[in-house]
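Listed below are the residues making up each chain.
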Amino acid sequence: MEKQSIKEIRNLFDTGEISEELFLALKNDERKGVQQLLTRFENKKRKERELEEAFLKMSTYENKCYKEGYQLIAGVDEAGRGPLAGPVVAAAVILPQEFKLPGLNDSKQLNESQRNSFYSIITEKAISYGISIINSTQIDTINIFEATKTAMNEAINKLQPNADYVLIDAVELKGLSCPSESLIKGDTKSISIAAASVLAKVTRDRIMKDLHKEYPVYKFATNMGYGTKEHLASIDEFGITPYHRKSFAPIKDLI
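Residues numbered from 1 in each chain as written. Predicted model: local features only at pLDDT ≥ 70, side-chain atom pairs only at ≥ 80, totals over all residues. Heavy atoms only, no water.

Asker: Give me the lowdown on the layout of surface pockets, citing residues and values where you can.
Answerer: The volume enclosed by the largest pocket comes to roughly 240 Å³. The wall of the largest pocket is formed by 18 residues, among which Glu78, Ala79, Gly80, Lys108 and Tyr226 lie closest to the centre. Of all the elements in the fold, those that place two or more residues in the lining of the largest pocket are strand S1 (73-79) and helix H8 (191-214). Sorting elements by how many residues they give to the lining of the largest pocket places H8 first, with four residues. For the lining of the largest pocket, the residue count by class is four nonpolar, four polar and 10 charged. (1 Å grid on protein atoms, 1.4 Å probe; cavity = no way out; pocket = protein on both sides within 12 Å on 5 of 7 lines; lining within 4 Å. Points joined across faces, edges and corners; volume = space filled by probe spheres on them. Helix = DSSP H or I, 4+ residues; strand = E, 2+ residues; numbered from the N terminus. Nonpolar A, V, L, I, M, F, W, Y, C, P; charged D, E, K, R; others polar.)

Right under this line is the structure:
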């Protein structure tokens, strides 16, 4: 039987049409290109298994809630507590029990392309999601911690149907209409919280990119309002915008 060309074999791998019989036979193929394809394929499969295992581990809290009889489990997270400018954004999301998205993690551990892709998948597949935006004026009025809790509560209240259990990243919220649990670094422990972190992060980044168009000298599209050296230099030279948080140091010291 004539050997298939490396190009033909590569195409079988790329299309997922490689048979187990051919795969085993290729292990005895001494061509360097074939062995490279086998190594690439095995590395890809190993990575997929690792992502599957990580996703299963991050489903632990949700699965525990399902076993206890809860059906609509919401994850809640925020983005933007630390920046000098822009809003704080919170998101709440209820995922279906059969939801599967290997690679989903804390939004800060994903690149922009992954976040945008996951954002589309989450908003399409979610049973419900809510997003709340608290602007810099409100933050200055009630402080960032209270603003964060307000945003989280508002995001939860936007859920339709309502959640019957809520998993929250780090913050404890009182007065909810259902049981809840606060998880330290919850965006790395719960798929629901991780999903909420993606929605909050992408939403806030898009807001900051819009603000960049209005105030390009502050480079909001890249620093997202955080106090980078370049951002602080722009504040020193041009002053502050209406979107800066006047209650935050070092801005507080400049006014």
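Asker: An account of the state of the cysteines is requested, with residue identities and associated values reported.
Answerer: Within the structure shown, the criterion is met by zero disulfides. This cysteine, Cys65, is not joined by any disulfide, and Cys178 carries the nearest cysteine sulfur, 9.9 Å off. A relative accessible area of 3% places Cys65 in the buried class. (Disulfide = S-S within 2.5 Å. Buried < 20%, exposed > 50% of the residue type's maximum accessible area, 1.4 Å probe, protein only.)

Asker: Explain helix H4 (residues 60-67) to me, using residue names and the numbers behind them.
Answerer: Every α-helix carries 3.6 residues per turn, so stepping three or four residues along brings you back to the same face. Looking at H4, one finds that the buried residues are Glu62, Cys65 and Tyr66. The buried residues of H4 all sit within an arc of 100° when viewed along its axis, so they share a single face. Those residues of H4 hidden inside the fold are in contact with S1, strand S4 (165-169) and H8. (Arc of directions from axis to C-beta. Contact = heavy atoms within 4.5 Å.)

Asker: Which residues make up the packing of helix H5 (residues 112-125) against H8, and what values go with them?
Answerer: Relative orientation of the contacting elements H5 and H8 amounts to 115°, with a least axis distance of 9 Å. The two elements H5 and H8 meet at a crossing, and its hand is left-handed. Of H8, the residues touching H5 (which contributes Glu112, Arg115, Asn116, Phe118, Tyr119, Ile122 and Thr123) are Ala195, Val198, Leu199, Lys201, Val202, Thr203, Asp205, Arg206 and Lys209. (Axes fitted to C-alpha atoms, helices over the stretch in contact; angles between N-to-C directions. Left-handed = near helix turned anticlockwise from the far one by under 90°.)

Asker: Residues and numbers for the environment of Ser182, please.
Answerer: Inspection of the secondary structure assignment puts Ser182 in strand S5 (residues 180-183). The exposure class of Ser182 is partly exposed, given its relative accessible area of 28%. Sequence-distant contacts of Ser182, defined by excluding residues within four places in its chain, comprise Ile168, Ala170, Val171 and Glu172. Reaching out from Ser182, the side chain makes a polar contact with the backbone oxygen of Ala170 at a distance of 2.9 Å. At 3.3 Å, the side chain of Ser182 forms a polar contact with the backbone oxygen of Val171. (Polar contact = N/O pair within 3.5 Å; in protein donor to acceptor, adjacent residues only side chain to side chain.)

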